[in-house]
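Residue-level structural notes
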Amino acid sequence: MTTLSLLKNRSEFGSLKIRPLFDRKVNPNPHHEWVSQELIQWSKGFADQNQRFDEMSVLFASYMYSGCQQRDRMLAMCKFSSFTMYLDYAAESARRERSALLMVELIEKLLTTVLTGRTDNDFVLGRRLLDTMEAVDVFMTRDQMRQLRDNLNVWFESQREVHCDYWLQNRFIPYNQYYNIRSKESGWLLFRLLADICAEYTPPESVLRSPPMAAFRTSTTRLALAIDDYLIFMTKMAANDITSGVMSYASTEKCSLQTALDSQFQLIKDLEAECQSLSTTIATESGPEFQTPALMAYVNTLFDMSYGEYSGIEVIYAYEVRDGVIWCPKWDQLKRQLLDDNKDLSVNCFNI
């Protein structure tokens, strides 16, 4: 099965309606110009340096962590964002050749790098990872360092699982398992951990165990994944990338893609309202550990990451709103390719 099999006909691809999600605009982090220069200079020390990836890394991190006050912390988060870009690029050969072996080898080398803290000099991605971990560790407690490494292992293993068990098998992720699998495979749990650095605050265990905070952390992660699935849907579909909640929903519910898109839109609006409600609940919880400006700054950071992600994708794809729906020049290009059987659609989602 391919993503295109979800269409009644190929021309339907160009008529799918994707509505804008938010009116709220996020300004990029005020340190983004300095961070961009520093990140590009750092990245030049690696043989795989690609300035386009570096610029996109800064753009995403600057919007997602727009409130980060210290530029050194911001640079550390941009290095992590950069690593995710280079990892995706490194995995492209495994996707292009539809190879389980290439992906397994890549992930095993990364897992060994995390475990040993060492890597071969010719494994450039491994050296990037170690540099990134070193940059982030400076701002973390010992427990957070351990959590970072545990989450890295989960992330890498889940990347391998999705590639081998779903992508290569042309299987959509079952919708009832989608959040659990994609929250690990996307790396979003790690981005959420970096919010501690951005807010310069780590919630105490008593706060993390409270029902509203536990629900809030889950809901903000679900919201971020839902936004990504909605806005990157057209490009993923054209590239036959099955890792989209919209496609999982359409496959599971046996409904049209437009119905699945409309359902995703409503899910996002419901999650946004849920996050707002939970944020208010947290702010009114009794106890000295709750009623602190630092906690609310942390809550706002988690929530604003989703708005920042939306703003970053909007800038990269040069979205316009026409007659109440999103228009994107990249989608027009993909539509032309899709209607031409001689065109190759095996493109990376951000290869624009």
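Only a predicted model underlies this, so the values are computations on that prediction, with no experimental measurement involved.

Before going further, it helps to spend a moment on the overall build of the protein chain. When helices and strands are counted, the protein chain shows 16 helices and 2 strands. The C-alpha atoms of the protein chain give 20 Å as radius of gyration, which agrees with the globular expectation for 352 residues (20 Å, within 12%). A burial count over the protein chain gives 53% of its 352 residues as buried. Taking all contacts inside the protein chain whose residues are at least 6 apart in sequence as the whole, residues at least 24 apart take part in 76%. A total of about 15700 Å² of accessible surface is found on the protein chain, and carbon and sulfur atoms cover 47% of it. For the protein chain, the separation between the mean place of its 37 positive charges and that of its 46 negative charges on side chains is 2 Å.

On to the nonpolar core. Judged by nonpolar contacts, the single largest core of 116 residues is most densely connected at Y65, L110, L152, F156 and F233. Among the elements that take part in this core, helix 15 (residues 293-317) stands out by supplying 12 residues, more than any other. If near-sequence neighbours (up to four positions away) are discounted, L152 is found in contact with F80, V114, L129, M133 and L190.

Summed over all chains, the structure comprises 1 cavity of 30 Å³ or more. Of the volumes computed, that of the largest cavity is approximately 50 Å³. Every residue lining the largest cavity is listed: N151, V154, W155, S183, K184, G187, W188, L189 and L190. Partitioning the lining of the largest cavity into residue classes produces 5 nonpolar, 3 polar and 1 charged.

Let's shift gears to the pattern of salt bridges. In total, this model carries 15 salt bridges according to the counting rule given. Among the salt bridges present, the one from E108 reaches R160, with a minimum N-O distance of 2.6 Å. Highlighted residues: E108 in helix 5 (residues 100-116) and R160 in helix 7 (residues 142-167), separated in sequence by 52 residues. For the salt bridge of R149 with D137, the shortest nitrogen-to-oxygen distance reads 2.5 Å. Residue R149 is found in helix 7, and its partner D137 is found in helix 6 (residues 124-137); the two are separated by 12 residues along the sequence. Each of R182, E185, D228 and D229 takes part in a single network of salt bridges with overlapping partners.

Before going further, it helps to examine the packing of helix 11 (residues 211-231) against helix 15. Look at helix 11 against helix 15: their axes get within 9 Å of each other, and the N-to-C directions meet at 5°. On the basis of their axis angle, the class for helix 11 and helix 15 is roughly parallel. For the pair helix 11 and helix 15, contact is made by M213, F216, R217, T220, L223, A224, I227, D228 and L231 and by L295, Y298, V299, L302, F303, S306, E309, Y310 and I313, respectively. Taken together, the residues that form the contact of helix 11 with helix 15 break down as 13 nonpolar, 2 polar and 3 charged.

For the rest of this paragraph, the subject is the layout of surface pockets. Picture a little ball the size of a water molecule; that probe, rolled over the atoms, points out where space is still empty. When its volume is computed, the second largest pocket comes out at roughly 330 Å³. Contributing to the lining of the second largest pocket are 17 residues, with Q147, L193, D196, T202 and L208 lying nearest its centre. Elements supplying a minimum of two residues to the lining of the second largest pocket: helix 7, helix 9 (188-199) and helix 10 (205-208). By residue number, the principal contributor to the lining of the second largest pocket is helix 7, which donates 5 residues. The residue inventory of the lining of the second largest pocket, partitioned by class, reads 6 nonpolar, 5 polar and 6 charged.

Our focus in this paragraph is the environment of S219. Inspection of the secondary structure assignment puts S219 in helix 11. The spacing of S219 and P20 is 199 residues in sequence and 20 Å in space, taken between C-alpha atoms. Residues within four places of S219 in sequence aside, it is in contact with L271, E274, C275 and L278.

Turning our attention to the confidence of the model for the protein chain. Within the protein chain, residue pLDDT values average 91, and 95% of them lie at 70 or more. Every residue in residues 344-352 scores below 50 in pLDDT, and together they form 25 contacts with partners more than four places removed in sequence or on other chains.

Definitions and cut-offs
Residue indices follow the written sequence of each chain, beginning from 1 at its first position. Since the coordinates come from a predicted model, pLDDT governs what is reported: local features require at least 70, and pairs of side-chain atoms require 80 or more to be given and counted, while whole-chain, interface and lining totals use all residues. Excluding hydrogens and water, the side-chain values take into account all heavy atoms of the structure. Each helix is a run of H or I in the DSSP string that is no shorter than four residues. Each strand is a run of E no shorter than two, and both are numbered from the N terminus. As defined in this context, the radius of gyration uses C-alpha atoms, and a globule is described by 2.2 Å times the residue total to the power 0.38. Buried residues are those whose accessible area, probed at 1.4 Å on protein chains only, stays under 20% of the maximum for their type, while exposed residues exceed 50% and partly exposed ones sit between those limits. Every residue pair with non-hydrogen atoms within 4.5 Å of one another is taken to be in contact. In short, Shrake-Rupley with a 1.4 Å probe defines the accessible areas, and a residue's cover is counted only from the protein chains shown. Note that His is not counted, nor are the chain ends; the positive residues are Lys and Arg, and the negative ones are Asp and Glu. We put the charge of a Lys on NZ, of an Arg on CZ, of an Asp on CG and of a Glu on CD. We define the nonpolar core as a collection of buried residues of types Ala, Val, Leu, Ile, Met, Phe, Trp, Tyr and Cys that are connected through side-chain atoms lying within 4.5 Å of one another. Buried and open spaces are told apart on a 1 Å grid over the protein atoms alone, a cavity being a set of points where a 1.4 Å probe fits but cannot get out and a pocket being an open set with protein on both sides within 12 Å along at least five of seven lines. Residues with an atom within 4 Å of a point are the lining residues. Grid points are joined across faces, edges and corners, and a volume is the space filled by probe spheres set on the points. Classes in brief: Ala, Val, Leu, Ile, Met, Phe, Trp, Tyr, Cys and Pro nonpolar; Asp, Glu, Lys and Arg charged; the others, Gly included, polar. Definition used for salt bridges: Asp or Glu carboxyl oxygen within 4 Å of a side-chain nitrogen of Lys or Arg. Axes here mean lines fitted to C-alpha atoms, for a helix over just the part in contact, with angles spanning 0 to 180 degrees between N-to-C directions. In these notes the angle categories are as follows: under 35 degrees is roughly parallel, over 145 is roughly antiparallel, 65 to 115 is roughly perpendicular, and the rest is oblique. Per-residue confidence from the predictor is reported as pLDDT, a score between 0 and 100.

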